[in-house]
Amino acid sequence: MESHELARASPRGLFQTGVMDVITLILSLVILAISAHLLFAGNYPNAPPCIKGWIPWFGVAFEFGKSPLTFISQARDKYGPVFTVVAAGKRLTFVTLHEDFRTFFMSKDVDFEQAVQEPVHNTASISKESFYKFHPACNTLIKGRLTPGNMAQLTDHLCEEFNDHLETLGDQGSGGLNELVRAVMYPAVMSNLLGKYNSPGSPFTMEQFKEKFAVYDEGFEYGSQLPDMFLREWASSKCWLLSLLGNMVVKAEDETSSESGNRTLLQHLVTLITDKFLPNYGLLMLWASLANAIPITFWAVAFILSNPTVYQTAMEQISAALKDQDTRKTKVTAEELQQMPYVKWCILEAIRLRAPGAITRRVVKPLRIQNYIIPPGDLLMVSPYWAHRNPHYFPEPEEFKPERWEKADLVKNVFLEGFVAFGGGRNQCPGRWYAIMELHMFAALILFKYDVTLMDPLPKPSNLHLVGTQQPETLCTVQYRHR
Ligand code: HEM
């Protein structure tokens, strides 16, 4: 546990052997890029204020990388609502006003695939051709499988999985809450979405899987920017996961004859992707389904436990809905989840407070925002984390206030105005209904089955990462006893 927490707190540890190589590469790229930099955006006099530091190409990469979330907020205060940050050869143009989010999500002059293709290549080794060929159909498939109406098909199996893995905690014990969440959710979600028989079977393999996936997830942001040769431990975890997914694909191919409604997402992908990168898409899917959901589950449970009034209200609803059920094999159905709206508000409030640091699109044609023209090639950025701290939409934004969700029409699947944790437009997170359902179920189950107590103060969120949701900065121990 502690080693994982420390690795989070010190991502530079990932570079270990490659520091000199990185410096040499950077210096060569700096020289090569100076002329390109001079031309870069030169034809757009109405471009937004640009923070580019004094080193061409490299820009303010160090200051930005040290604490991207703090940098964004300070830059907004100093330069106004639209500004460009030059970092390691990239121009990141941030839009911070809600009135401009529609343009970000809906404009035909920005593109999701062009923004993520290179990171996808670095993190999942999928070729450019394959990505442009299969990504749209992949997105449509996942969206179609994970609609709110299809959730009931997944809840029974997920509930069984959660029960089984929660029972492995034993009658009582203590440990890091983050590690506990991972131990239960990694295997349960993997089995639920990608297939039971495809999950690593033996406890040894599952331990290895957890270890490899944690390294892969922790290094994902650096891995998305740098070639594998600079991140050796991370790259070897990626290879291990790809070979695991390769085996899972073989099994999924054998089982695709099962009825369409019962097929896992992996079995659906098998019928869609016809090139050699099929396991690589499986890895991307696995990462997308775990990377944001796991830390937010941690935060949701930690927020509930750290606030006695919230805990009491949540427990009253959970006890009323599950009544005198067996705490060893508790069955939570979609209907029972509906009887616990307050717990769902807690989940949405945790997602609001720990929303992804940034989401991105590539500008493909000159784009007007406020009085500026954003040049093609820029990466357009929105920070859901900061958007959710706008007091106009979320009064007392830093407070954990589940009641604010009472105003949202959740029966019609409408979120609160200003809530952008799942992005928007054509590429809005296709796993959002699944994410809300799994977090809701996990919180209800763990609190019903176990008496859990926080032994440490609620940690601060780490501000080291821009991609995805925030990790806890310090260890957060819990004690638990089976009810
Ligand atoms: C609380 C948990 C989650 C959060 C906060 C979250 C957030 C996001 C965001 C912000 C995006 C990018 C949207 C955009 O750029 O407009 C995204 C994409 C995606 N998410 Fe999620 N997500 C979560 C859970 C999940 C889960 C559980 C799954 C799978 C079951 C999933 C699958 C995906 C996929 C496949 C994409 C890529 C979509 C594409 O390629 O077009 N996510 N997510």
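Residues numbered from 1 in each chain as written. Predicted model: local features only at pLDDT ≥ 70, side-chain atom pairs only at ≥ 80, totals over all residues. Heavy atoms only, no water.

The name an unreviewed UniProt entry assigns to the protein chain is Cytochrome P450, family 39, subfamily A, polypeptide 1, from the organism Hucho hucho.

Topic: the packing of aromatic side chains
The cut-off we apply is this: Any Phe, Tyr or Trp ring, taking Trp's six-membered ring, that has another such ring centre within 6.5 Å forms a pair; planes under 30 degrees apart are called stacked, those over 60 apart edge-to-face, and the others tilted. Throughout this description, the term charge over a ring refers to an Arg CZ or Lys NZ atom that lies within 6 Å of the ring centre and within 35 degrees of the ring normal.
Taken as a whole and assessed by the stated rule, the structure comprises 27 aromatic pairs. Taken together through their ring pairs, the aromatic side chains of Tyr186, Phe209, Phe213, Tyr216, Phe220, Trp234 and Trp287 make up a single cluster. Here the basic side chain of Arg389 rests over the ring of Tyr385, its NZ or CZ set 3.7 Å away from the ring centre.

Here's the deal with the UniProt feature "transmembrane region" (unreviewed entry) in the protein chain
Here is the rule we go by: UniProt positions are given in the numbering used here, feature names are shortened, and annotations may be inferred rather than shown by experiment. We count a stretch as a helix when DSSP gives it H or I for four or more residues in a row; a strand needs E for two or more, and each element gets its number in order from the N terminus.
This chain's UniProt record puts "transmembrane region" (unreviewed entry) on residues 21-40 and 281-305. As annotated, residues 281-305 has a helix share of 96% and a strand share of 0%, and its two end C-alpha atoms lie 37 Å apart.

Description of the pairing of strand β3 (residues 90-95)
Quick note on the threshold: Exposure classes here rest on a 1.4 Å probe applied to the protein chains alone. A residue is buried below 20% of its type maximum, exposed above 50%, and partly exposed in between. Two strands make a pair as long as DSSP finds a minimum of two bridges between them.
Summarising burial for β3: five of the six residues are buried, a large majority. Bridge count for strand β2 (residues 82-87) against β3 is six bridges, and the pairing is antiparallel. Note that in β3 the partner of Val86 across the bridge is Arg91. The turn joining β2 and β3, which pair antiparallel and follow one another in sequence, is formed by two residues; a positive phi near 45° is taken by Ala88. As defined by bridge partners, β3 adjoins strand β9 (residues 379-382) across three bridges and the pair is classed as parallel. Note on β9: the bridge partner recorded for Thr93 is Leu380.

Describing the coordination of the iron atom of the ligand
Tetrahedral coordination by four donors sets the ideal angle at the metal to 109.5 degrees; octahedral coordination by six donors sets it to 90 or 180 degrees. Stated precisely, the cut-off is as follows: A donor here means an N, O or S atom no more than 2.8 Å from the metal, or no more than 3.2 Å when the metal is Na, K or Ca. Since water is not included, a site may seem to lack partners.
In this structure the iron atom of the ligand is ligated by exactly one protein donor, Cys429 (SG), at 2.3 Å. When you line up the elements, Cys429 lands in the loop between α19 (384-387) and α20 (432-449).

Overview of the sheet that holds β3
Stated precisely, the cut-off is as follows: Two residues qualify as a contact provided that any one of their heavy atoms is within 4.5 Å of a heavy atom in the partner residue. Angles shown run from 0 to 180 degrees and are taken between the N-to-C directions of axes, each axis being a line fitted to C-alpha atoms and, for helices, limited to the stretch in contact.
One open sheet accounts for six strands, arranged β1-β2-β3-β9-β6-β4; its pairing is mixed. Taken across any chain shown, the strands that pair with only one partner, and hence form the sheet edges, are β1 (50-51) and β4 (110-111). The strands touched by helix α4 (residues 68-79) within the sheet are β1, β2 and β3, with β2 carrying the most contacts at an inclination of about 130°. Helix α6 (residues 112-124) rests against β3, β4, β6 (359-363) and β9 of the sheet, and its axis sits at about 110° to β6.

Side note on the site of the ligand
As a reminder, the rule being used: Near residues are defined by distance, with any heavy atom within 4 Å of the molecule or strand qualifying the residue. Here a polar contact is taken to be a pair of N or O atoms separated by no more than 3.5 Å, where protein atoms must pair a possible hydrogen donor with a possible acceptor and residues adjacent in sequence count only if both atoms sit in side chains.
Neighbouring residues of the ligand: 25 residues in total, closest His135, Asn139, Arg361, Asn427 and Cys429. The separation between an oxygen atom of the ligand and a polar side-chain atom of Asn139 is 2.5 Å. For the ligand, an oxygen atom lies 2.9 Å from a polar atom in the side chain of Asn427. Among the elements of the structure, α7 (128-145), α14 (278-291), α15 (293-306), β6 and α20 are those that each provide at least two residues to the shell around the ligand.

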